[in-house]
Amino acid sequence: MKQLSFAFGRRTWRGLSFALLALLLAGGRPTAAQTPVAKYGALRVQGARILDGNNLPVSLAGNSLFWSNAGWGGEKYYNANVVGWLKNNWGATVVRAAMGVDEAGGYLENPAREKAKVKAVVDACVAAGLYVIIDWHSHSAEKHQAEAIAFFKEMATTYGSTPNVIYEIYNEPLQVSWSGVVKPYAQAVTNAIRAIDPDNLIVVGTPTWSQDVDVAAADPVAGTNIAYTLHFYAASHKNALRDKARAAISRGAALFVTEYGTCDASGGGAIDATSTKEWMDFMQLNKLSHCNWSINDKAEAASALVPGTNPGAAWADSYLTPSGRLVKGYIQGWNNAGTTSPGTTTPPPTTTPPPTSGTATKVEAESYQAMFGVQTETTTDVDGGRNVSYIDAGDWMAYTISVPAAGTYLLEFRVASLNGGGQISVEQNSGATKLGTVAVPRTGGWQTWTTISRTVTLSAGQQSIAIGVPAGGYNINWWSFAKTSARPALGGAQAPAETRASGIFPNPVRQQLHLVTQPGTAARVSVFNVRGQRVLSQELPAGSLPEATLSVEALAPGSYTVRVVEGSRTTTTRFVKE
């Protein structure tokens, strides 16, 4: 029996007291949407279907990472930031960690290094409530059966008690015998896993680059909860491969598309959107789960990211390749009844029309182009619609707007907060430039709305504006901007508003980060990297100057978060180390 987690306010609770539950039902914040694993539970195979914990067919949609091999370029995306982005921005329900094995830079060269990459992804998926495929990414796995058995025994021992994990024990066998080569290997590895983990799903690769699923279905591996790998690349593989899949399904084999591409089998060529849709319709009809190849910035058609995409960045859709944009649309809409067409991504693009001078342009908060950590819900505010909710420190939302002329603009935010204490940070350049902050007051309820404002200076033209969250605990329904003759509000005499109002300056920083603190109050300062690891900490005693200095010279260049705890007050702000 697997231990299931339940999503509650975007935090995972393995137990919830009746007293706390009663308190929340009596007037606390409503629960967040369930994570995929909390919703579907432990997966199992029955005939040609993969069923969820409610005995209903389940079809997962998500992404495969690129080969993990050191020096191949894709390994930089094996981190929790990417997992969170795929969950929150794409709506992915499954992520595949493609651990390279016998090629240069792979597992056989350095087992500890490659296992660490896989575990980083698996741990992030478990924390996020996603399913995760542990893939032995090899074309010749039978040559290293002992190593595969040792690896999967360790994975089963570590993760076998969680329903999140799926074992893919052979990525793509070449044109070798099923009965004489692949099946004996698969049986041995399956038996080793089952001696430790009796029920998590096992996916078995099939000959001819995981296309001969019909051959495997005619001579299946013995055991329970076993599915077979089907791979396709839309520009190369058409109805003939679907016929092989139909034959396998008719023989009672469950299939899992652990890898597919929108281009040809080399990873290059043109995107074949027509063939991709035919495959999507086929997978929807047959309830097949699938992972797209791949989350990587390699300069090839199959990559979802444009070259040079920072693995720790806040990615808007402008970072996506044509394949990435096509696939994102399918994944986001996959479990919406009645559609398998890509359409536009959800939420839709947020480029606003240029406003006339003095006229406010309204931006719906849920129309972000990219975000991290937030959710949406139905609002009872005037005009109805949806609002952004579950806003916590460190979350953000990014929008693209068109500013008609450079100058001072009045920004208004429609907010609701049960207890107050939140902050809105208006930002650009992935948080590196801060235009100003505004405090969110207590309104007395999550659907009790008020409008707050501040002035900022904006340049002319189309640009990205982000709402950062130094301190959370509020909802946003919409925000607006209008040109005004008022001068921007300053947060202090020594530093501009965009730095002093955020509590830190300068930003970006090279050596010394200055912190604006409360006089006479002791403070604890912590700095975290993009993986959430604490890299610096400092205690500031009561009586310290209102501006403290933190040396960050030793930090590697990149994005960081600084958290300052002063009594009951906690502020969280992002900064960039140059």
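Please refer to the structure placed before this passage.
Reading the values: the criteria
Residues numbered from 1 in each chain as written. Predicted model: local features only at pLDDT ≥ 70, side-chain atom pairs only at ≥ 80, totals over all residues. Heavy atoms only, no water. Helix = DSSP H or I, 4+ residues; strand = E, 2+ residues; numbered from the N terminus. Buried < 20%, exposed > 50% of the residue type's maximum accessible area, 1.4 Å probe, protein only. Contact = heavy atoms within 4.5 Å. Areas by Shrake-Rupley, 256 points an atom, 1.4 Å probe, with all protein chains shown as cover. Pairing = 2+ DSSP bridges. Axes fitted to C-alpha atoms, helices over the stretch in contact; angles between N-to-C directions. Salt bridge = Lys/Arg side-chain N within 4 Å of Asp/Glu carboxyl O. Phe/Tyr/Trp six-rings, centres within 6.5 Å; stacked < 30°, edge-to-face > 60°. Lys NZ or Arg CZ within 6 Å of the ring centre and 35° of its normal.

(A) Highlighting the overall build of the chain. Within the chain one finds 12 helices and 30 strands. Out of the 578 residues belonging to the chain, those deemed buried represent 56%. Intrachain contacts of the chain at a sequence separation of at least 6 include 71% that bridge at least 24 residues. If you sum the accessible surface of the chain, you get close to 22,500 Å²; carbon and sulfur atoms cover 54% of it.

(B) Molecular detail of the sheet that holds strand E19 (residues 422–428). The 5 strands are arranged E14-E17-E22-E19-E20 in an open sheet whose pairing can be described as antiparallel. Here the strands that pair on one side only, and so sit at the sheet edges, are strand E14 (370–372) and strand E20 (433–440). Averaged over all pairs of adjacent strands, the angle between their axes in this sheet comes to 25°, without regard to strand direction.

(C) Highlighting unusual backbone geometry. Cis peptide bonds are those with omega within 30 degrees of zero, and the linkage from Trp 293 to Ser 294 qualifies with 0°. Tracing the sequence through the fold places Ser 294 in strand E12 (residues 290–295). Phi angles above zero are rare outside glycine, and Thr 208 is one such case at about 60°. We classify Thr 208 as buried; its relative accessible area is 18%. With a phi close to 55°, Tyr 390 is a non-glycine residue in the positive phi region. Inspection of the secondary structure assignment puts Tyr 390 in strand E16 (residues 386–391).

(D) Main features of the pattern of salt bridges. What the rule picks out here adds up to 20 salt bridges. Salt-bridge contacts for Asp 272 lead to Lys 238; the nearest nitrogen and oxygen are separated by 2.6 Å. With Asp 272 in the loop between strand E11 (255–261) and helix H10 (273–285) and Lys 238 in the loop between strand E10 (226–233) and helix H9 (239–250), the pair connects residues that are 34 residues apart, well separated along the chain. By relative accessible area, Asp 272 is classed as buried at 19%. Of the charged contacts in the structure, one is a salt bridge between Arg 246 and Asp 243, with a shortest N-O distance of 2.6 Å. You can see Arg 246 and its partner Asp 243 sitting in helix H9, 3 residues apart, about one turn around the helix. When its relative accessible area of 36% is taken as the criterion, Arg 246 is described as partly exposed. Classification of Asp 243 by relative accessible area gives partly exposed; the value is 39%. Salt bridges sharing common partners tie together Arg 96, Asp 135, Glu 168 and Glu 259.

(E) Inspection of the packing of aromatic side chains at higher detail. The tally for this structure, following the rule as stated, stands at 18 aromatic pairs. Considering the side-chain rings of Phe 152 and Tyr 167, the 6.3 Å spacing of their centres and the 85° angle between planes classify their relative orientation as edge-to-face. On the criterion of sequence distance, the pair formed by Phe 152 in helix H5 (residues 145–159) and Tyr 167 in strand E8 (residues 165–168) is long-range, its members being 15 residues apart. The same class applies to Phe 152 and to Tyr 167, which are both buried. With a centroid separation of 6.4 Å and an interplanar angle of 20°, the aromatic rings of Phe 413 and Trp 479 are classed as stacked. Note that Phe 413 is positioned in strand E18 (residues 407–416) and Trp 479 in strand E23 (residues 474–483), a separation of 66 residues in sequence. Of the aromatic side chains, those joined through ring pairs into one cluster are Tyr 107, Trp 136, Phe 151, Phe 152 and Tyr 167. Its end group placed over the ring of Trp 279, Arg 242 keeps NZ or CZ at 4.9 Å from the ring centre.

(F) Quick look at the environment of Ala 523. The topology assignment puts Ala 523 in strand E26 (residues 523–528). In this structure Ala 523 comes out as buried when scored by relative accessible area, which is 4%. In this structure the C-alpha to C-alpha distance between Ala 523 and Arg 563, which are 40 residues apart in sequence, comes to 10.0 Å.

Everything listed here is a matter of coordinates, which is why it stays silent on function.
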